[in-house]
Amino acid sequence: APDGFVQMLAREQPAEVLEQEQREFVLPVLQLDRLAPDLQQARGRIEMVGAENQLGLAKSSFLLGDLETAKAQLAGCLTMAPAHASLIHAEAHLLAGRIAAQEERVEDAHHEYRLAADHLTRGGAGRATAVWIELADLLEAIGDTQGALDAYRHTTAALRRAGPRS
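Residues numbered from 1 in each chain as written. Predicted model: local features only at pLDDT ≥ 70, side-chain atom pairs only at ≥ 80, totals over all residues. Heavy atoms only, no water.

A.B. asks: Please explain the overall build of the protein as it appears in this structure.
C.D. replies: Within the protein, the secondary structure is distributed over seven helices and zero strands. The N-to-C order of helical and strand elements in the protein reads α-α-α-α-α-α-α. Each of the 166 residues in the protein was classed as buried or not, and the buried ones make up 32%. In the protein, of all internal contacts separated by at least 6 residues, the share reaching a separation of at least 24 is 49%. Per element, the accessible surface of the protein, about 10700 Å² overall, is 57% carbon and sulfur. (Helix = DSSP H or I, 4+ residues; strand = E, 2+ residues; numbered from the N terminus. Buried < 20%, exposed > 50% of the residue type's maximum accessible area, 1.4 Å probe, protein only. Contact = heavy atoms within 4.5 Å. Areas by Shrake-Rupley, 256 points an atom, 1.4 Å probe, with all protein chains shown as cover.)

A.B. asks: Would you mind going over helix α3 (residues 67-80) with me for this structure?
C.D. replies: Within an α-helix, residues lying three or four positions from one another point in the same direction, as the helix has 3.6 residues per turn. The first and last C-alpha atoms of α3 sit 20 Å apart over 14 residues, in line with the 20 Å expected at 1.5 Å per residue. Those residues of α3 that sit buried are L67, A70, Q73, L74 and C77. Projected down its long axis, α3 carries its buried residues within an arc of 120°, all on one side. α3 presents E68, A72 and T79 as exposed residues on the side facing more than 90 degrees away from its buried surface. (Expected span 1.5 Å × (residues − 1). Arc of directions from axis to C-beta.)

A.B. asks: It is not clear to me how the nonpolar core should be interpreted in this structure. Could you clarify?
C.D. replies: As a rule of thumb, soluble globular proteins bury nonpolar side chains together. Ranked by size, the top nonpolar core spans 18 residues in total, and within it L94, Y113, L120, W132 and L135 carry the most contacts. Among the elements of the structure, α4 (86-102), α5 (106-122), α6 (128-141) and α7 (145-162) are those that each provide at least two residues to this core. Residue contributions to this core peak at seven residues, all from α6. Setting aside residues up to four positions removed in sequence, L135 forms contacts with L94, Y113, A117, L120 and A151. Formed by 16 residues, the second largest nonpolar core is a distinct cluster that contains L67, L74, A81 and A85. (Core = buried A, V, L, I, M, F, W, Y, C linked by side-chain atoms within 4.5 Å.)

Have a look at this one:
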């Protein structure tokens, strides 16, 4: 208990030293309360970067043929990624689908591709167009012609929304 700790210190140290130690402990704790929103924002960014790093490692492991490591890294990515990080979730599920397809688990691949599509429809801009194209190609490769067609339509819609580039 803190009171017991304070009493123990009081017996061993002069009152001025004890008061100084209490100030040195209590003031930073009070400052943490004021910094909480900034810390929460920083934590969210760190989680996002961690998820992106795990995704990058998983892609590398996949390309090197180490599917078990890639799966473990994807699990880490999906655990770290904030719920609002739709594109990271989409890319992770796309890679999980590619791994499943390589392991000839077609149903699992299809499920992962559908999860990727769900996340892409929640997300939006940036790399989403490229991910939609990859999804369309992968769905076509496993024989889901309708799913591929839908993904190509989303690609076209995303390109229209982006407008011409100058």
